[in-house]
There are 2 protein chains.
Amino acid sequence: MQADAVLRDLAGYRLKRAFAVIQADLQRVLAPFGLRMIPFSALLVIARNPGIGQGQLAAALAMERSNLVAPLDALARRDLIRREPVPDDRRALALMPTPAGTALADTAFEAVRAHEARLLADVSPEDLAAMARVSAAIEAAETREAAE
Amino acid sequence: MQADAVLRDLAGYRLKRAFAVIQADLQRVLAPFGLRMIPFSALLVIARNPGIGQGQLAAALAMERSNLVAPLDALARRDLIRREPVPDDRRALALMPTPAGTALADTAFEAVRAHEARLLADVSPEDLAAMARVSAAIEAAETREAAE
DNA sequence: TATTGTTATACTCTATAACTATA
DNA sequence: TATAGTTATAGAGTATAACAATA
């Protein structure tokens, strides 16, 4: 009997442990690309949504605009993205992937997918789908509470 | 279509979002008890495993011994736990819950469970069981990789 | 030599407030 | 007044190295 048996009754604790493992794994996969989880997510979303604004990107990634500035600076320094002026609104900046950025986003995404597939090889598709439903339900619950 | 649609193909990203929501929730539930996630976990494991050592506790919580010192100091300051000398090994300290610590652990645990039940009210028991299996599989995969 | 608890340190992620320039 | 991006800052969590006391 493990000492932390009682904690395993809590979904929050199980999620924490699982996330810690998968994130550590993700970091190992992304390291060769010079990316961490947040820059990778940002680059991928920009590559798939060219012209997205920083505020929209922050909302998509569920993080604060202010915490996105440094990661985007780093991506821009590596010429993976560009911040282009928006004619209609001179406050806003449109985030555009460079060709190198698009290519890296695609390559890294496939590497992550392949690695996840290996990590989850023993998990049935049904269980994975169930986990996706649970995650969605948890996020929906947050929205519900925020509305209260 | 959401801007982060592509990220939702990644189990790691879904887990990150779900964990963030459930952790924020957990913090709200634990705040009235003056506890955060780590002190709560530590107190609960000590209450259920009186006499456990700090190294064992760190292993049970999957964290470094050094990062446990401050939280345990805080619990001891509130007289929720005591660090007692171990006769056989004068290096070691046995972590013992006080009556107040045991009571708080039980109360807080029930509060967390009740709140999780509410949060997961719309999720079927089958899906929850599936999620537990997926979490276990992910942790097992870590053990497998560590052995390589 | 190895282990227990500890200290110090550094890095990442996160949250908040306040600033600027626009709207 | 409000919004987009930015800066500064503080807190929590995590990881590593090194130390004293003990095994």
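Above this text sits the structure in question.
The structure contained in this document is the topic of the report that follows.

The rules behind each value
Residues numbered from 1 in each chain as written. Chains lettered and ligands numbered in written order. Predicted model: local features only at pLDDT ≥ 70, side-chain atom pairs only at ≥ 80, totals over all residues. Heavy atoms only, no water. Buried < 20%, exposed > 50% of the residue type's maximum accessible area, 1.4 Å probe, protein only. Helix = DSSP H or I, 4+ residues; strand = E, 2+ residues; numbered from the N terminus. Arc of directions from axis to C-beta. Contact = heavy atoms within 4.5 Å. 1 Å grid on protein atoms, 1.4 Å probe; cavity = no way out; pocket = protein on both sides within 12 Å on 5 of 7 lines; lining within 4 Å. Points joined across faces, edges and corners; volume = space filled by probe spheres on them. Nonpolar A, V, L, I, M, F, W, Y, C, P; charged D, E, K, R; others polar. Polar contact = N/O pair within 3.5 Å; in protein donor to acceptor, adjacent residues only side chain to side chain. Near = heavy atom within 4 Å. Least-squares fit on C-alpha atoms with pLDDT ≥ 70 in both. Core = buried A, V, L, I, M, F, W, Y, C linked by side-chain atoms within 4.5 Å. Buried area = accessible area lost by both parts, 1.4 Å probe. Salt bridge = Lys/Arg side-chain N within 4 Å of Asp/Glu carboxyl O.

Observations concerning helix α4 (residues 69-77) of chain A
All names here are of chain A.
- Turning to α4, its buried residues are Pro 71, Leu 72 and Leu 75. One side of α4 holds all its buried residues, which, seen down the axis, span an arc of 95°. Residues of α4 that are exposed and point over 90 degrees away from its buried face: Ala 70 and Arg 77.
- Residues of α4 that are buried make contact with α2 (37-48), α3 (54-60), β1 (81-86) and β2 (89-97).
- Asp 79 lies just past α4 and shows a positive phi near 60°.

Looking at empty space enclosed by the protein
All names here are of chain B.
- Using the criterion set out here, one finds three cavities of 30 Å³ or more in the structure.
- Put simply, the largest cavity is a space of about 50 Å³.
- Together, Ile 22, Asp 25, Leu 26, Val 29, Val 112, His 115, Glu 116 and Leu 119 line the largest cavity.
- Counted by class, the lining of the largest cavity contains five nonpolar, one polar and two charged residues.

Points about the side chain of B:Asp25
- The topology assignment puts B:Asp25 in helix α1 (residues 11-30).
- Within the local environment of B:Asp25, its side chain forms a polar contact with the side chain of B:Arg28, the two groups lying 2.6 Å apart.
- If we skip the residues at most four places from it in the chain, B:Asp25 touches A:Glu145, B:His115 and B:Leu119.

Some details on the protein's contact with DNA strand D
- Inspection of the region around DNA strand D gives 20 residues, with A:Gln54, A:Gly55, A:Ser66, A:Arg91 and B:Ser66 positioned closest.
- Near-protein atoms of DNA strand D (within 4 Å) split between backbone and bases, with sugar and phosphate holding 52%.
- One of the backbone nitrogen or oxygen atoms of A:Gly55 is found 2.7 Å away from a phosphate oxygen of DNA strand D.
- Separating a phosphate oxygen of DNA strand D from a backbone N or O atom of B:Arg90 is a distance of 2.8 Å.
- Elements that contribute at least two residues to the surface near DNA strand D include exactly α3 and β2 of chain A.

A few points about the relation of the copies chain B and chain A
- With an RMSD of 0.0 Å, the fit of chain B onto chain A corresponds to turning through 180° and sliding 0.0 Å along the axis. Such a combination of turn and shift is consistent with a two-fold rotation axis. Every residue of chain B has its C-alpha some distance from the rotation axis, and the shortest such distance is that of B:Met131, at 2.4 Å.
- Mapped onto chain A, 100% of the interface residues of chain B are again interface residues, and the two copies thus contact each other with one and the same surface.

Here we look at the nonpolar core
- One finds A:Leu57 and B:Leu57 to be the most contacted residues of the largest nonpolar core, which totals 98 residues.
- The residues contacting A:Leu57, other than those within four sequence positions of it, are A:Ala42, A:Val45, A:Ile46, A:Ile52, A:Leu68, A:Leu72 and A:Leu95.

Quick notes on the protein's contact with DNA strand C
- As a matter of local geometry, DNA strand C sits amid 20 residues, with A:Ser66, A:Arg90, B:Gln54, B:Gly55 and B:Arg91 nearest to it.
- Considering the 4 Å shell around the protein, atoms of DNA strand C inside it are sugar or phosphate in 53% of instances.
- Contact between DNA strand C and A:Arg36: a sugar or linking oxygen at 3.3 Å from a side-chain N or O atom of the residue.
- A distance of 3.1 Å separates a base nitrogen of DNA strand C from a polar atom in the side chain of B:Arg65.
- Mapped by element, the contributors of at least two residues to the surface near DNA strand C are β2 of chain A together with α3 (54-60) of chain B.
- Examining the composition of the surface near DNA strand C, we find that three residues originate from one element, β2(A), more than from any other.
- In the surface near DNA strand C, the residues fall into four nonpolar, six polar and 10 charged.

Observations regarding the interface of chain B and chain A
- Listed as interface residues are 58 residues of chain B and, on the opposing side, 58 residues of chain A.
- Approximately 5400 Å² of surface area, both sides summed, lies buried where chain B meets chain A, with 68% of it carried by carbon and sulfur atoms.
- On inspection of chain B and its partner chain A, the count reaches eight salt bridges.
- A salt bridge links A:Arg113 to B:Asp9; the nearest nitrogen and oxygen atoms lie 4.0 Å apart.
- Summed over the shared surface of chain B and chain A, the result is 14 residue pairs in polar contact (both at pLDDT 80 or more).
- Every element with two or more residues in the side of chain B that touches chain A is listed here: α1, α2 (37-48), α5 (99-119) and α6 (125-146) of chain B.
- The element that contributes the greatest number of residues to the side of chain B that touches chain A is α6(B), accounting for 15 residues.
- Class assignment of the residues belonging to the side of chain B that touches chain A gives a composition of 33 nonpolar, five polar and 20 charged.

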